[in-house]
Amino acid sequence: MSDGEAETHSGPVEVPDIDKYVAGSTGSGDLPTGTQQVVAKLLVSNSIAGSVIGKAGANIEQLQRSSGARVQLSRAGEFYPGTSDRVLLLSGSLHAVLTAIFLILEKISRDINASVAANGAKRILKKSEEPGQAQVKLALSRRLCGLLIGHKGQTVRDFIVDSGSTIRVQSLSELTPSDPERTITVSGARDQVLRAVALILNTLSMHEGYASYMETTLQLATNQGVVLPPRAASSKNVLAAVRTQLTLYLTDDDVGAILGKKGQNLVEVQQSSRVTIKISDRSKMDPTTNEREVSISGMYSNVKLAEAMIAEKLSVARSQARNREDRGSEEA
């Protein structure tokens with residue numbers, strides 16, 4: 001096998017110069033080497049997951065050898081919350097992770113071509129399945145996602161112009177306060193998608209909080225699996241005596257509703273549910289979303305009670321705000 005080629009289950013694949021996707025992505029004029037350590041959490045369909053694994057895991061082993069990245073896939077039946085997608089976790093140097101993504105996209109393309117050849121006109125292709133097109137969906141913590149969006153969306157707009165790809169960041173309206181992550185969907189020609197992913201991962205790797213995020217993500221994947229198994233209803237009695245922590249991401253206005261006048265609401269929730277609630281300072285508020293972190297700690301059953309009480313107070317506060325707006329409109 002010659003330099004620049006990688007072996008896959010379906011034969012050798014010509015791997016392009018991955019450095020071209022990384023070059024100039026620091027924005028400082030210094031060309032990164034691609035050796036910085038990164039982690040990419042990809043969401044993939046069950047069929048793509050099967051293609052990545054291969055018979056008896058042959059493809060996933062070959063993918064790791066050819067790219068140099070570590071590849072971890074959620075088990076069959078374990079899906080990313082709220083979706084039917086499995087989680088594919090890639091870690092290693094930026095160069096290795098981008099190589100792995102290229103090889104995965106190439107394998108997907110080959111499988112689609114084989115399916116089209118077998119089914120002819122019966123096979124209806126999505127936009128991302130057309131020749132030369134690709135799509136990558138990433139999951140990322142809400143705080144780091146804000147970093148990618150940038151002030152008034154400037155950073156993500158720069159990435160779109162630079163790469164030529166389409167980048168869609170999941171709207172906050174699609175999330176619940178307890179969702180810790182947002183999804184980023186990158187679509188376009190394969191080279192455009194790889195460039196956009198390189199920009200995203202490189203930007204994240206330079207953030208001071210990224211090393212901690214990466215360490216936590218990989219540690220959880222090793223100890224508890226890429227996706228935490230869903231909790232069965234029958235396990236609630238067992239969980240009731242387990243200490244846990246829940247983090248909610250709420251706007252500054254919502255935090256005000258939780259605090260109440262002179263902090264009375266907060267005291268009531270803590271005393272009634274017997275939990276500890278910590279709210280991040282305004283100075284640490286995410287500037288792109290105006291969200292603050294509300295951490296609830298205690299026994300599992302108590303934390304769930306506190307969460308329900310907070311949801312009720314937010315519902316009342318939002319209803320009162322809407323009523324005030326309606327009255328203001330009528331008076332105007």
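Note that this is a predicted model, so its numbers are computed, not measured.

Here is what the cut-offs are and how they apply
Here the residue numbers are simple positions, counted from 1 along each chain's written sequence. Predicted model: local features are reported for residues with pLDDT of at least 70 only, side-chain atom pairs are reported and counted for 80 or more only, and whole-chain, interface and lining totals are derived from all residues. For side-chain calculations, the full set of non-hydrogen atoms in the structure is used, while hydrogens and water are omitted. Under the scheme used here, helices are H or I runs from DSSP no shorter than 4 residues and strands are E runs no shorter than 2 residues, and both carry numbers assigned from the N terminus. A 1.4 Å probe rolled over the protein chains alone gives each residue an accessible area, and that area as a share of the maximum for its type sets the label: buried under 20%, exposed over 50%, partly exposed in between. Between two residues, a contact is recorded if the distance between any of their heavy atoms is within 4.5 Å. Surface exposure here means Shrake-Rupley accessible area, sampled with a 1.4 Å probe, where a residue is shielded only by the protein chains that are shown. In this description, one arc is meant: the one made by directions from the helix axis to the C-beta atoms. Salt bridge, as used here, is a side-chain nitrogen of Lys or Arg placed within 4 Å of a carboxyl oxygen of Asp or Glu. Should DSSP find at least two bridges between two strands, the strands are taken to pair. Angles shown run from 0 to 180 degrees and are taken between the N-to-C directions of axes, each axis being a line fitted to C-alpha atoms and, for helices, limited to the stretch in contact. Under the pairing criterion, centres of Phe, Tyr and Trp rings, with the six-membered ring standing for Trp, must be within 6.5 Å; the plane angle then separates stacked pairs below 30 degrees from edge-to-face pairs above 60, leaving the rest tilted.

Student: Mind showing me how you'd approach the overall build of the protein here?
Tutor: The helix and strand tally for the protein stands at 12 helices and 11 strands. Evaluated residue by residue, the protein yields a buried proportion of 44% over its 332 residues. Put simply, 71% of the contacts in the protein that link residues at least 6 apart link residues at least 24 apart. Total accessible area on the protein stands at roughly 17800 Å², and carbon and sulfur atoms take up 51% of it.

Student: Honestly, the environment of T166 in this entry has me stumped. Any pointers?
Tutor: Following the sequence through the fold, T166 ends up in strand β7 (residues 166-169). Remark: the alpha-carbon pair of T166 and V156, spanning 10 residues in sequence, is separated by 9.9 Å. Setting aside anything within four residues of it in sequence, one finds T166 in contact with T185, V186 and S187.

Student: Please clarify how helix α6 (residues 154-163) should be interpreted in this entry.
Tutor: Each α-helix winds once per 3.6 residues, and so residues spaced three or four apart point in a common direction. Every buried residue of α6 is accounted for by V156, F159 and S163. Down the axis of α6, the smallest arc covering the buried residues is 55°, so these residues share one side. The inward-facing, buried residues of α6 abut α5 (142-149), β7 and α7 (190-205). Among the residues trailing α6, G164 stands out with phi positive, at a value near 80°.

Student: In this structure, what is going on with the pattern of salt bridges? I would like to understand it.
Tutor: Should the charged atoms of two oppositely charged side chains come close, the side chains can pair. All told, the structure shown has 15 salt bridges when counted by the stated rule. Between D111 and K107 there is a salt bridge, with its nearest N and O atoms 2.9 Å apart. One end of the pair is D111 and the other is K107, both in helix α4 (residues 94-119) and four residues apart, which spans about a single turn. Residue D252 pairs with R292 through a salt bridge whose shortest N-O separation is 2.7 Å.

Student: In this structure, what is going on with the sheet that holds strand β10 (residues 276-279)? I would like to understand it.
Tutor: Strand pairing in a sheet relies on backbone hydrogen bonds, with the paired strands running either antiparallel or parallel. Read from one edge of the open sheet, three strands run β9-β11-β10, paired in antiparallel fashion. If you trace the sheet from one side to the other, it starts and ends with β9 (243-251) and β10, each paired once. Strand-to-strand, the axes of this sheet are offset by a mean angle of 20°, without reference to chain direction. Sheet analysis places β10 next to strand β11 (residues 291-299), joined by four bridges and oriented antiparallel. For K278, the partnering residue across the bridge sits in β11 and is S295. Strands β9, β10 and β11 of the sheet are contacted by helix α10 (residues 252-259), whose axis makes an angle of about 125° with β9.

Student: Even after reading the chapter, I still don't get the packing of aromatic side chains, so can you show me in this structure?
Tutor: To describe a pair of aromatic rings, one takes the distance between the centres and the angle between the planes. According to the stated counting rule, one finds one aromatic pair in the structure shown. Judged by centre distance (5.9 Å) and plane angle (35°), the ring pair of Y210 and Y213 falls under tilted. Within this pair, Y210 and its partner Y213 are both found in helix α8 (residues 210-224), separated by three residues, close to a single helical turn. Here Y210 matches Y213 in class, with each residue buried.

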